[in-house]
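# Observations on the model geometry
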Amino acid sequence: MIDDATWMALALLEAKKGIGKTAPNPPVGAVIVKDNFLLGSGWHRKAGMPHAEREAIADASARHGAESLCGATAYVTLEPCSTQGRTPPCVQGLIDAGIARVVYACEDPNPAHAGRADSLLKGAGFLVEKGVLQVEAEKILRPFAKVQRTGSPWVMVKIAMSLDGRITRPESEGQWLTGEAARSDVQQLRSEVDAIMSSGETVRKDLPALTIRESALLEGREQPWRFVLSNHPETLPLEAPLFSDENRHRTLVRSGVLTEILREMASNFGVLSVMVEAGGQLVAELLKNDLVDECIIYLAPMITGGLPAVAGMSSPNLSLSEAEWSRFGDDVRLRALVHTNQSGK
């Protein structure tokens, strides 16, 4: 007999398809099961489009007929929504479909929805279970949950550095520290976020594009927003790709307080997650102000003596958790959550 966790794992795979595509909504997946048989599956593709539950219901109906849903179980990675937004509430969709049981992984962090689905579904005669693979689902939903909790997006800092903690090489040796495999992985990371943040100094020095350059990774989404932080915007090079390419309308220049800039990203542009690709000064400023949630560090097998990855932090007092190590050719990647002594995250 296949248990609830097995079916929820399939729903989580569906949810992962939406990472980087659904903002300001969360990535959610769902599967419909009856008599240990998968009737249909679906995931939320974009804000304004059907939610995962309705996608799964439509898939099951198309494959097996609407009558097949009667008495079935819906597995959803997030508590079904119960209020009318740009799309109808999913709770009503489940009721209308004739589904008998709903299993979801975690409660909706949106206070407008949190906990409401249980009473509505149970009142309609449903059996309801929650908390199945909750930890795994919450990992996918971290950016959405943080925005709901704090009004600020999930901040990831990406650093490529040498063994001595440097981010530059001598000019005669070329620009790149890491190899092609690691740089391709960065493209994957960019496809998972809604915005990329850099500094004016980095833009002036490197003229970066900060785009997703693999067409397959762009399917179903736009290029990330590109935020350039500079107190002297008049000195930024207009010939830089950020200001001259076909995506220049998605480049924004900001100055001021970091916390206010981050909150603007979420409130005005629907950003759930932002990746920082910048020099050591901006990274240090974010770390000192306890604004970094996650770090991704690519470690290249060389010693360069260049500029430091984190500048001006004599005793950062940071710790990492949930560390994941991966290898890309000769390079090693560390991905982990960031904590400071004063962190409330």
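Up top is the structure these notes are about.
Our subject in this report is the structure included herewith. (Residues numbered from 1 in each chain as written. Predicted model: local features only at pLDDT ≥ 70, side-chain atom pairs only at ≥ 80, totals over all residues. Heavy atoms only, no water.)

## Comments concerning the overall build of the chain
Across its full length, the chain carries 12 helices and 13 strands. For 345 residues, the compact-globule estimate of 2.2 N^0.38 gives 20 Å, and the C-alpha radius of gyration of the chain, at 22 Å, lies within 12% of that figure. Principal axes of the C-alpha set define a box for the chain whose edges measure 70 × 40 × 40 Å. Residues classed as buried in the chain amount to 51% of the 345 residues present. Considering only intrachain contacts with a sequence separation of at least 6, the fraction spanning at least 24 residues in the chain is 74%. (Helix = DSSP H or I, 4+ residues; strand = E, 2+ residues; numbered from the N terminus. Rg over C-alpha atoms; globule rule 2.2 N^0.38 Å. Buried < 20%, exposed > 50% of the residue type's maximum accessible area, 1.4 Å probe, protein only. Contact = heavy atoms within 4.5 Å.)

## With respect to the sheet that holds strand β8 (residues 225-229)
Overall, mixed pairing links the eight strands, which are arranged β9-β8-β7-β10-β6-β11-β13-β12 in an open sheet. Strands at the two margins of the open sheet, each flanked by one partner only, are β9 (251-254) and β12 (318-328). Pairwise comparison of adjacent strand axes, ignoring direction, gives a mean angle of 25° for this sheet. Bridge count for strand β7 (residues 195-199) against strand β10 (residues 273-276) is three bridges, and the pairing is parallel. Across the sheet, Ile196 pairs through a bridge with Met275, a residue of β10. Strands β6 (154-161), β10, β12 and β13 (331-340) of the sheet are contacted by helix α6 (residues 142-150), whose axis makes an angle of about 130° with β6. Across the sheet, helix α12 (residues 280-288) lies against β6, β7, β8, β10, β12 and β13, angled at about 115° from β7, the strand it touches most. (Pairing = 2+ DSSP bridges. Axes fitted to C-alpha atoms, helices over the stretch in contact; angles between N-to-C directions.)

## Observations regarding the environment of Pro111
Counting through the fold element by element, Pro111 comes out in the loop between β4 (101-106) and α4 (116-123). Taking the C-alpha atoms as reference, Pro111 lies 7.9 Å from Gln148; in sequence the two are 37 residues apart.

## Some thoughts on the pairing of β4
For β4, the tally of buried residues reaches six of six residues, placing the bulk of the element in the interior. Judged from the five bridges that link them, strand β3 (residues 73-78) and β4 form a sheet pairing that is parallel. Opposite Tyr75, over in β4, you have Val103 as the bridge partner. Taken together, β4, α4 and strand β5 (residues 127-130) form a β-α-β motif whose crossover is right-handed. (Right-handed = clockwise from strand over helix to strand, strands pointing away.)

## Examining the nonpolar core
Residues Ile32 and Ile99 are the most contacted members of the largest nonpolar core, which totals 38 residues. At the level of secondary structure, the elements contributing two or more residues to this core comprise α1 (4-16), β1 (29-34), α2 (52-64), β3, α3 (90-97), β4, α4 and α5 (134-140). Excluding residues that lie within four positions of it along the chain, Ile32 makes contacts with Phe37, Leu38, Leu39, Gly40, Ala56, Ile57, Ala60, Leu69, Ala72, Thr73, Ala74 and Ile99. One finds Trp225, Leu262, Val276 and Ala309 within the second-largest nonpolar core, a separate group that totals 28 residues. (Core = buried A, V, L, I, M, F, W, Y, C linked by side-chain atoms within 4.5 Å.)

## Structural notes on the pattern of salt bridges
Inspection of every chain in the model, using the stated rule, returns 18 salt bridges. The residue Asp4 makes a salt bridge to Arg101 at a minimum N-O spacing of 2.7 Å. Taken together, the residues Asp4 in helix α1 and Arg101 in strand β4 connect sequence positions 97 residues apart. The class for Asp4 is partly exposed, based on a relative accessible area of 21%. Arg63 serves as the salt-bridge partner of Asp59, at 2.9 Å between the closest nitrogen and oxygen. Highlighted residues: Asp59 and Arg63, both in helix α2, separated by four residues, approximately one helical turn. (Salt bridge = Lys/Arg side-chain N within 4 Å of Asp/Glu carboxyl O.)

## What to know about the sheet that holds β1
Through backbone hydrogen bonds, the strands of a sheet pair up, either in parallel or in antiparallel fashion. The five strands lie next to each other as β2-β1-β3-β4-β5, forming an open sheet whose pairing is mixed. Lying at the two open borders of the sheet, with one neighbouring strand each, are β2 (37-43) and β5. Going from strand to strand, the sheet's axes swing by 15° on average, the running direction of each strand aside. Against the sheet, α2 makes contact with β1, β2 and β3, and its axis sits at roughly 135° relative to β2, the strand it touches most. The sheet strands contacting α4 are β4 and β5, and the helix crosses β5 at an angle near 155°.

## Considering the pairing of β7
Taking burial as the measure, the five residues of β7 include five buried ones, the bulk of the element. Residues Ala195, Met197 and Ser199 line one face of β7 and the alternating positions Ile196 and Ser198 line the opposite face, and both faces are buried. Bridge analysis of β7 against β8 gives five bridges, and the strand direction is parallel. Within the sheet, the bridge partner assigned to Ala195 lies in β8 and is Trp225.

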